[in-house]
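The residues making up each chain are set out below.
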Amino acid sequence: MGTTPSYTRSEFGPKFLCAHFPHLQNGINNNPKWWCARQPVIVCNESLMLEKLPRCGKSFEEMMKKVDSKKWCNLTEFIKYYDNFSLCTEREASAAKCFWPNRLAQGFITGIHKQFFSNCTSEKDHWEDPPDEILITLIFIPVLLMAAMISIVVWCSKRSDILV
């Protein structure tokens, strides 16, 4: 496997701006000309991050052992564990001076998803009409109530002289 490129914290940070827009080397926002030359470059240590991320996976695996595997598709059963896993991956990426999420961390997280959640599909519930007897009843009750209410309103409006 070849070497992977290094990343800076911000893809469009000072290094990018100074390299791609030479006119900015004259100074940015009243900063002197040497602004471009003095910006620190923070390089992502990908090998350190890849070394540390499995610790997060191992911890998540230990926590998921507490959850019945039949409930792995119900996020409410393990949301706290997943949050800890997510925070751990972010913390380890940050410790390696890498932004998060990044391509490598995302690949690791995808692997964890495949390990635990590959059987969780988003099957839609198949709805069926109720039996005809129930359906007819559910249709006619509101229709009859509406007819009764209209009849009462018409009857009351004709007898307004007596009701006042």
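Residues numbered from 1 in each chain as written. Predicted model: local features only at pLDDT ≥ 70, side-chain atom pairs only at ≥ 80, totals over all residues. Heavy atoms only, no water.

1. Description of the pattern of salt bridges
Now for step 1: In the structure shown here, the tally under the stated rule is two salt bridges.
Now for step 2: For K65, the salt bridge is made with E62, and the minimal N-O distance between the two is 3.4 Å. (Salt bridge = Lys/Arg side-chain N within 4 Å of Asp/Glu carboxyl O.)

2. Overview of the side chain of T89
Now for step 1: Inspection of the secondary structure assignment puts T89 in helix α4 (residues 75-95).
Now for step 2: When neighbours within four sequence positions are excluded, T89 is seen to be in contact with L53, C56, W100, F108 and I109. (Helix = DSSP H or I, 4+ residues; strand = E, 2+ residues; numbered from the N terminus. Contact = heavy atoms within 4.5 Å.)

3. Side note on the environment of E90
Now for step 1: Here E90 is to be found in helix α4.
Now for step 2: A relative accessible area of 35% means that E90 is categorised as partly exposed.
Now for step 3: Distance from E90 to C56, taken between C-alpha atoms, is 9.8 Å for residues 34 residues apart in sequence. (Buried < 20%, exposed > 50% of the residue type's maximum accessible area, 1.4 Å probe, protein only.)

4. With respect to the nonpolar core
Now for step 1: By size, the foremost hydrophobic cluster in this structure holds 14 residues, and its most contacted members are F60, M64, F78, Y81, F85, F116 and F117.
Now for step 2: Listed in part, the eight residues of the second largest apolar core include C44, A96, C98 and L104. (Core = buried A, V, L, I, M, F, W, Y, C linked by side-chain atoms within 4.5 Å.)

5. Some remarks on the side chain of K52
Now for step 1: Mapped onto the secondary structure, K52 falls in helix α3 (residues 46-64).
Now for step 2: With sequence-adjacent residues up to four places away left out, K52 is seen in contact with E92 and A95.

6. Concerning the confidence of the model for the chain
Now for step 1: Here the chain shows a mean pLDDT of 79. Residues at 70 or above account for 70%.
Now for step 2: Note on residues 1-12: pLDDT under 50 across the span, and 22 contacts to partners over four residues away in sequence or across chains. (pLDDT = per-residue confidence, 0-100.)

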